[in-house]
Amino acid sequence: MGRVGILVIDMLKDFIYGKLSSPRFKRIIPNIAKLLSEARKRGIPIIFVNDAHIPDVDRELKLWGPHALKNTQGAEVINELKPQKGDYIVEKRRYSGFYSTDLDLLLRELGVDTLIVTGISTDVCVLHTVADAFFRNYTVVVVKDCVESFTEEGQKWALEYMGKVYGAKIVSLEEAIKMLGK
């Protein structure tokens, strides 16, 4: 395993407390917070990959309704996981954190080749970001208790799919923390 970076996908106010929330999403907050705390102690880069939609333009809004609109409170990272000095933010307008963003450039400039992926939704934005990471030859680790879907079926299916089709390592929070090193 090379240089590790952590992706935090769409842990935004509209998804956790607003328009597209699910009680299932809230349960991963403490796990992600613990992982980020451990990563910061070790100087591991943390990248928040956030929806920031353009109203009346972005195609995704036709499917899901208005959510995480750029420059609104709903598009802000939840207070419990607020980005800190030294963290990075990449805005996206599609499911994948790589599609038409500078995420790949940022990761390459940071020397990151292994991604530890957290956030929501496992079977939508997490899945598509992992697919694009695979296509770009990143090693991908998905922390199963730091990602969540709207349904248990979606969660199980997406974790299995990412492991089988993209070779993602599916690990627990404890295993992920060990991967961070000392």
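S.K.: Is there a simple way to explain the pattern of salt bridges in this structure?
M.R.: Applying the stated criterion to the full structure yields 16 salt bridges. E152 serves as the salt-bridge partner of R27, at 3.9 Å between the closest nitrogen and oxygen. Separated by 125 residues along the polypeptide, R27 in the loop between helix 2 (23-26) and helix 3 (29-41) and E152 in helix 7 (residues 152-166) bring together distant segments of the chain. Put simply, R108 and D104 hold a salt bridge, and the shortest N to O gap is 3.1 Å. Here D104 and R108 lie together in helix 5 (residues 103-110), a separation of four residues that amounts to about one turn.

S.K.: Would you mind showing me how to read the side chain of D58 here?
M.R.: Note on placement: D58 falls in the loop between strand 2 (46-51) and helix 4 (60-64). Residue class for D58 comes out buried when judged on its relative accessible area of 2%. Reaching out from D58, the side chain makes a polar contact with the side chain of H53 at a distance of 2.9 Å. Look past the residues within four positions of D58 in its chain and what remains in contact with it is A52, H53, R93 and R94.

S.K.: What am I meant to see in the packing of aromatic side chains here?
M.R.: One pair of aromatic rings is described through two measures. These are the centre distance and the angle between the planes. Inspection of every chain in the model, using the stated rule, returns eight aromatic pairs. Pairing W157 with Y161 gives two aromatic rings, centres 5.0 Å apart and planes at 25°, and the pair type is stacked. In this pair, W157 and Y161 both sit in helix 7, four residues apart, roughly one turn of the helix. Judged by relative accessible area, which is 45%, W157 ranks as partly exposed. When its relative accessible area of 30% is taken as the criterion, Y161 is described as partly exposed. Summarising the aromatic geometry, the rings of Y161 and Y166 are spaced 5.7 Å apart at their centres and angled 75° between planes, so their arrangement reads as edge-to-face. What makes Y166 buried here is its relative accessible area of 13%.

Calculation criteria
- Residues numbered from 1 in each chain as written.
- Predicted model: local features only at pLDDT ≥ 70, side-chain atom pairs only at ≥ 80, totals over all residues.
- Heavy atoms only, no water.
- Salt bridge = Lys/Arg side-chain N within 4 Å of Asp/Glu carboxyl O.
- Helix = DSSP H or I, 4+ residues; strand = E, 2+ residues; numbered from the N terminus.
- Buried < 20%, exposed > 50% of the residue type's maximum accessible area, 1.4 Å probe, protein only.
- Polar contact = N/O pair within 3.5 Å; in protein donor to acceptor, adjacent residues only side chain to side chain.
- Contact = heavy atoms within 4.5 Å.
- Phe/Tyr/Trp six-rings, centres within 6.5 Å; stacked < 30°, edge-to-face > 60°.

Keep in mind these values describe shape, not function.
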